[in-house]
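For reference, the chains in residue letters:
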Amino acid sequence: GSSPTSASTRSATGSATVQNSANNGSFYFKTFMLYQMAAGSLSDGRLTILLQNFDTNNVATYWGGGISNAGTMKMTNSTLSDNQAILGGGIIGYSGTLTVSGSSFTGNSATSNGGGIYNFYGSTATLTNCTLASNSANYYGGGVGNEYYSTLILGNTIIAGNSASFGGPDVYGGVSSSGGNLIG
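Once a new chain begins, its residue numbering starts again from 1 and follows that chain's sequence as written. With pLDDT at 70 or above as the cut-off, local features in this predicted model cover only qualifying residues; side-chain atom pairs require 80 or more to be listed or tallied, and sums for whole chains, interfaces and linings still use all residues. Just so you know, side-chain values use all the structure's heavy atoms and leave hydrogens and water out.

A. Geometry of the confidence of the model for the protein. Here the protein averages 77 in pLDDT, while 69% of its residues score no lower than 70. Confidence of the predictor at the level of single residues is captured by pLDDT, which takes values from 0 to 100. In this analysis, two residues are considered to be in contact whenever any of their non-hydrogen atoms come within 4.5 Å of each other. Contacts of residues 1-16 to residues separated by more than four positions or lying in other chains number 34 contacts, the stretch itself having pLDDT below 50. For residues 19-44, every residue scores under 50 in pLDDT, and the model assigns this stretch 76 contacts once sequence neighbours within four places are set aside.

Here is the structure:
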């Protein structure tokens, strides 16, 4: 089949879905910032991304080169690659819930922590059937950095071939496993 080239979006009852779309640098968004709000189009802070590719060489000033999440986010069958930030080159989770399945994170980088994903400040990240490879962090967690009272749950996930200068080239911080993982 052909690659998706345009977005189909839907907003209803405080949620948004981006489905069958690609972000090739010419699309109108480059970084998702999702925060729980008292009112507005994302009132309960829910976002679902399906069959999405973020291959745009995004560079964030601080957090989340590809995606910043402080709400509830689900990402399925997606690729997040070649993004950069100080924290969370691919995705940063900040006191939210992130559920990712069937997705890959490659070539993302952080000048501090969490090259692929940085999960912190009470966040929960669940990764199932995912691959994180060739991501890098200048300090900790080249693949995933998990800190500050956060929870990282892995199932059938490969996190290998990442790099970090000071510790946890693939994973830095605690991990809960539901089995079938390859780390390192």
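Next comes the rest of the write-up.
B. Just the packing of aromatic side chains, in detail. To pair, rings of Phe, Tyr and Trp, with the six-membered ring standing in for Trp, must have centres within 6.5 Å; the planes then decide the type, stacked if under 30 degrees apart, edge-to-face if over 60, and tilted in the middle. A full pass over the atoms with the stated rule returns nine aromatic pairs. Each ring, one from Tyr94 and one from Phe120, has its centre 5.2 Å from the other, and the planes form 55°; the classification is tilted. Linking Tyr94 in strand β9 (residues 91-94) with Phe120 in strand β13 (residues 117-120), this pair joins segments that are 26 residues apart in sequence. Only protein chains enter the accessibility calculation, which uses a 1.4 Å probe; a residue whose area is less than 20% of its type maximum is buried, one above 50% is exposed, and one in between is partly exposed. Assessed through its relative accessible area of 26%, Tyr94 is described here as partly exposed. Segments assigned H or I by DSSP are reported as helices when at least four residues long, segments assigned E as strands when at least two residues long, and all are numbered from the N terminus.

C. Main features of the environment of Thr111. Within the secondary structure, Thr111 sits in the loop between β12 (109-110) and β13. Spatially, the C-alpha atom of Thr111 lies 7.9 Å from that of Gln84, the residues being 27 residues apart in sequence. Leave out the neighbours within four places in its chain, and Thr111 touches Ala85, Ile86, Asn138 and Tyr139.

D. Structural view of the environment of Ile153. Assignment of secondary structure puts Ile153 in strand β18 (residues 151-155). Exposure remark for Ile153: the relative accessible area of 27% places this residue in the partly exposed category. Along the sequence, Ile153 and Thr126 sit 27 residues apart, while their C-alpha atoms lie 4.7 Å from each other. Apart from residues no more than four positions distant in its own chain, Ile153 is found in contact with Thr124, Ala125, Thr126, Leu127 and Ser176.

E. Examining the sheet that holds strand β16 (residues 136-137) more closely. Between any two strands, pairing holds if DSSP finds at least two bridges. In space, the four strands of this open sheet follow the order β8-β12-β16-β20, with parallel pairing throughout. For this open sheet the edge positions go to β8 (84-85) and β20 (163-164), each flanked by a neighbour on one side alone. Bridge count between β12 and β16: two bridges; the pairing is parallel. Across the sheet, Ala110 pairs through a bridge with Ala137, a residue of β16.

F. Just the nonpolar core, in detail. We call a set of buried residues a nonpolar core when its members are Ala, Val, Leu, Ile, Met, Phe, Trp, Tyr or Cys and they connect through side-chain atoms within 4.5 Å of each other. Formed by 18 residues in total, the largest nonpolar core has its most connected members in Ile91, Phe105, Leu127 and Leu132. Excluding residues within four positions of it along the chain, Ile91 makes contact with Ile67, Met73, Met75, Leu80, Leu98, Phe105, Gly116, Ile117 and Tyr118.

G. Inspection of unusual backbone geometry at higher detail. The phi angle at Asp82 is positive, at roughly 60°, despite the residue not being glycine. Looking at where Asp82 falls in the secondary structure, it is placed in the loop between β7 (79-81) and β8. With a phi close to 55°, Asn129 is a non-glycine residue in the positive phi region. Of note, Asn129 is situated in the loop between β14 (124-128) and β15 (131-133).

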